[in-house]
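Residue-level listing of the chains:
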Amino acid sequence: MINNDAQSRPDPIAYLDQVAASAAGRDYKQQVLKLLDLHPGQTVLDIGCGPGTDLAAMAAAVAPAGQVIRVDRDPVMIAEARARLTEQPLIEVRSGDVHALPLDDGSVDRARTDRVLQHVADPKQVLAEFRRVARPGGRIVMAELDWEGLLIDSPQPAMSRALGQFLAAEIIRNATIGRSLARLCREAELVVRSVVTVAPVFRDFTTADQAFGLRRNVVRAIDAGYLKPDAEGWIDDLSSQPFLASALLFLVVAEIPG
Ligand SMILES: C[S@@+](CC[C@H](N)C(=O)[O-])C[C@H]1O[C@@H](n2cnc3c(N)ncnc32)[C@H](O)[C@@H]1O
């Protein structure tokens, strides 16, 4: 049986740290850092920074004279990101909404979104804001999931499909943002430099459960009528058998025409 703990939301800071520390998280975040192509002296903007993962790597890449500006609207994330700033003089955390970035026009060289556009009310407005605050030639690197690419192996594939449909329809605001990024960038008059996908494979139920809240969301999907109550037994079985799941992440690089 699923216990009550499985239904409660995990601590969001611990969740983001766990993802960043996982093998899959380290791998794609390293790719994002490379795609950002940071150089000493640049100003880099972290749009929807969360608690401040990848702090040291970004600051080191723009040191000694550059700046890392991190923006988030959640006071809990802002407090945590600021608490992690000890001995990081190049990093500043600003409270604000990414639809109206608290930055001057033409003031940044690079920007990143890491699983942020999937949650915002208007991704186009965020891209327009990037365009406003970026200098000519400025680059944005986006790492965003496409939730219809969440694949969970099961002898009962209809169950996996129903769970995926629930997540995409009811939980994630912009569930298919990954595949739409390049189009949205073109509409925002950005030049798309590259689009690649990363599809990490999870062969360990606990890691996949931490990343996607599988148990918790099965309970919610049952409540919402996407799954029948026997799905509790289904997810229990998946957790105790050889497990395999995969997810689809898009990494998109776009630039302001130079
Ligand atoms: C999934 S977390 C990702 C955090 C971070 N980018 C990382 O990789 O760990 C999404 C973050 O976006 C922030 N966020 C969502 N909508 C926002 C908005 N409209 N304005 C500012 N921050 C927002 C949330 O508060 C949260 O910290």
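Residues numbered from 1 in each chain as written. Predicted model: local features only at pLDDT ≥ 70, side-chain atom pairs only at ≥ 80, totals over all residues. Heavy atoms only, no water.

Novice: I tried to follow the environment of P155 on my own but got confused; where do I start?
Specialist: Residue placement: P155 occurs in the loop between β5 (134–152) and α6 (157–171). Remark: the alpha-carbon pair of P155 and W234, spanning 79 residues in sequence, is separated by 9.6 Å. (Helix = DSSP H or I, 4+ residues; strand = E, 2+ residues; numbered from the N terminus.)

Novice: Teacher, can you tell me more about the packing of helix α5 (residues 123–133) against helix α7 (residues 177–187) here?
Specialist: Helix packing for two helices is described by the angle between their axes and how far apart those axes are. Across the interface, α5 lies against α7 with an axial gap of 10 Å and an inter-helix angle of 50°. Here α5 lies oblique to α7, going by the angle between them. The two elements α5 and α7 meet at a crossing, and its hand is right-handed. Facing α5, whose interface residues are P123, K124 and L127, α7 presents I177, L184, C185 and E187. In terms of residue class, the contact of α5 with α7 is built from 5 nonpolar, no polar and 2 charged. (Axes fitted to C-alpha atoms, helices over the stretch in contact; angles between N-to-C directions. Parallel < 35°, antiparallel > 145°, perpendicular 65-115°, else oblique. Left-handed = near helix turned anticlockwise from the far one by under 90°. Contact = heavy atoms within 4.5 Å. Nonpolar A, V, L, I, M, F, W, Y, C, P; charged D, E, K, R; others polar.)

Novice: Mind showing me how you'd approach the packing of α6 against helix α9 (residues 214–223) here?
Specialist: Viewed as axis vectors pointing N to C, α6 and α9 meet at an angle of 80°, and their least axial separation amounts to 10 Å. For the element pair α6 / α9, the angle class is roughly perpendicular. Each of L163, F166, L167 and I171 in α6 lies in contact with α9, whose residues at this interface are L214, N217, V218, R220 and A221. Considered class by class, the residues forming the contact of α6 with α9 number 7 nonpolar, 1 polar and 1 charged.

Novice: Can you walk me through the packing of aromatic side chains in this structure?
Specialist: The relative placement of two aromatic rings is captured by the distance of their centres and the angle of their planes. Scanning the entire structure with this criterion turns up 4 aromatic pairs. When the centroid spacing of 5.8 Å and the interplanar angle of 90° are considered together, the rings of W147 and F212 count as edge-to-face. Within this pair, whereas W147 is found in strand β5, its partner F212 is found in helix α8 (residues 205–212), the two being separated by 65 residues in sequence. Judged by relative accessible area, which is 8%, F212 ranks as buried. On the numbers, 5.4 Å between centres and 85° between planes, the contact of F202 with F212 is edge-to-face. Taken together, the residues F202 in strand β7 (residues 201–202) and F212 in helix α8 connect sequence positions 10 residues apart. Residue F202 shares its accessibility class with F212, and that shared class is buried. Among the aromatic residues, ring-to-ring pairing joins W147, F202 and F212 into one connected group. (Phe/Tyr/Trp six-rings, centres within 6.5 Å; stacked < 30°, edge-to-face > 60°. Buried < 20%, exposed > 50% of the residue type's maximum accessible area, 1.4 Å probe, protein only.)

Novice: Quick question: what am I supposed to make of helix α2 (residues 23–36) here?
Specialist: Note on helix geometry: an α-helix contains 3.6 residues per turn, so any two residues three or four positions apart are oriented the same way. Compared with an ideal rise of 1.5 Å per residue, which puts 14 residues at 20 Å, α2 spans 20 Å between its outermost C-alpha atoms and is within 8% of the ideal. All of the buried residues along α2 are G25, Y28, K29, V32, L33 and L36. What you see down the axis of α2 is that its buried residues fit within an arc of 150°, all on one side. Turned more than 90 degrees away from the buried face of α2, the exposed residues are A23, Q30 and K34. Where α2 is buried, its residues meet α1 (12–21), α3 (55–62), β4 (108–114), β5, β6 (191–198) and β8 (245–255). Of the residues flanking the end of α2, it is D37, one or two places downstream, whose phi is positive at about 55°. (Expected span 1.5 Å × (residues − 1). Arc of directions from axis to C-beta.)

Novice: Please clarify how the side chain of N217 should be interpreted in this entry.
Specialist: With respect to the helices, strands and loops of the structure, N217 is situated in helix α9. Residue N217 is classed as buried on the basis of its relative accessible area of 3%. At 3.2 Å, the side chain of N217 and the backbone oxygen of F212 are in polar contact. A polar contact of 2.8 Å, which involves the side chain of N217, links it to the side chain of R220. Beyond its immediate sequence surroundings of up to four residues, N217 is in contact with L163, F166, L167, I171 and F212. (Polar contact = N/O pair within 3.5 Å; in protein donor to acceptor, adjacent residues only side chain to side chain.)

Novice: Can you help me understand the site of the ligand in this one?
Specialist: Around the ligand, the surrounding shell holds 19 residues, and the nearest of these are G48, D72, V98, D114 and R115. The contact in question runs from an oxygen atom of the ligand to an N or O atom on the side chain of D72, over 2.6 Å. V98 places a main-chain nitrogen or oxygen 3.0 Å from a nitrogen atom of the ligand. Residue composition of the shell around the ligand, by class: 6 nonpolar, 6 polar and 7 charged. (Near = heavy atom within 4 Å.)

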